[in-house]
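For reference, the chains in residue letters:
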Amino acid sequence: GTWARGIDGNNIVGYYQDGASKVHGFLFNGSSYVNLDNPMSVGATMPRAVSGNKVVGFYESGFGAAAFLYNGSTYTTLSAPLGFGGTIAYGISGNNVVGYYVDSSYKDNGFIYNGSTYTTLNHPLGAKGTILTGISGNNIVGQYIDSSSAWHSFLYSSGTFTPLINPI
């Protein structure tokens, strides 16, 4: 199977499973495919988003999931400083990366990484976790898990969380 996960202009990123069931990342530029297999991975590499020549996603490390940033030539592991059980990157816009990390109490915490600093961003009702899944400019989307384990989607913009509820 092939799973496309992110697009920016003609660039599409995602991952595929080969005949031996190994999962590989890919970048499709509109005419050709390039494998994106993080050399630090002990298993799957799963790109999730692309912005210009930068790709983010996660890979299987020997200690769980690890986020990566690929700039066209170099893979950099992204590890939120409070992360305990893994870090996952889901979105990128310019130099800003969003995703989540798992803390020592096994709670998911949303993060924004601007290239030098990690900032935790959790929804105030996310008693059981927050996951940031996409970013475009200053707008961030994600989900939170409330105290009754129900999932909710939101838009975060200009310091305000707005619920995303499909009326259908």
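The present account deals with the structure reproduced in this document.

Rules and cut-offs
Residues numbered from 1 in each chain as written. Predicted model: local features only at pLDDT ≥ 70, side-chain atom pairs only at ≥ 80, totals over all residues. Heavy atoms only, no water. Core = buried A, V, L, I, M, F, W, Y, C linked by side-chain atoms within 4.5 Å. Buried < 20%, exposed > 50% of the residue type's maximum accessible area, 1.4 Å probe, protein only. Contact = heavy atoms within 4.5 Å. Helix = DSSP H or I, 4+ residues; strand = E, 2+ residues; numbered from the N terminus. Pairing = 2+ DSSP bridges. Axes fitted to C-alpha atoms, helices over the stretch in contact; angles between N-to-C directions.

**A look at the nonpolar core**
Right, so step 1: The biggest cluster of nonpolar side chains holds 12 residues, and these are Ala49, Val56, Ala67, Leu69, Leu78, Ala80, Ala89, Ile92, Val97, Tyr101, Phe111 and Tyr113.
Right, so step 2: Setting aside chain neighbours within four positions, we find alanine 49 in contact with Gly6, Val13, Lys54, Val55, Val56, Tyr90, Gly91 and Ile92.

**Describing unusual backbone geometry**
A negative phi holds for most residues other than glycine; trans holds for most peptide bonds.
Right, so step 1: The backbone of serine 149 shows a phi angle near 70 degrees, a positive value even though the residue is not glycine.
Right, so step 2: Tracing the chain through its elements places serine 149 in the loop between β14 (139–145) and β15 (151–157).

**Quick word on the sheet that holds strand β8 (residues 75–78)**
Right, so step 1: One open sheet holds the four strands; their spatial order is β5-β6-β7-β8, and the pairing between them is antiparallel. Among the strands making up the open sheet, the edge pair consists of β5 (45–51) and β8. Strand-to-strand, the axes of this sheet are offset by a mean angle of 30 degrees, without reference to chain direction.
Right, so step 2: Pairing of strand β7 (residues 64–70) with β8 involves four bridges; the strand directions are antiparallel.

**Section: the sheet that holds strand β2 (residues 11–17)**
Right, so step 1: With antiparallel pairing, four strands are arranged side by side in an open sheet as β1-β2-β3-β4. With one partner strand each, in any of the chains shown, β1 (2–8) and β4 (33–36) form the two edges of the open sheet. For this sheet, the mean inter-axis angle between neighbouring strands, taken without regard to orientation, is 25 degrees.
Right, so step 2: Bridge analysis of β1 against β2 gives six bridges, and the strand direction is antiparallel. Each residue of the ladder has a partner; that of isoleucine 7, found in β2, is isoleucine 12.

Such coordinate-based values are descriptive only and should not be taken to indicate function.
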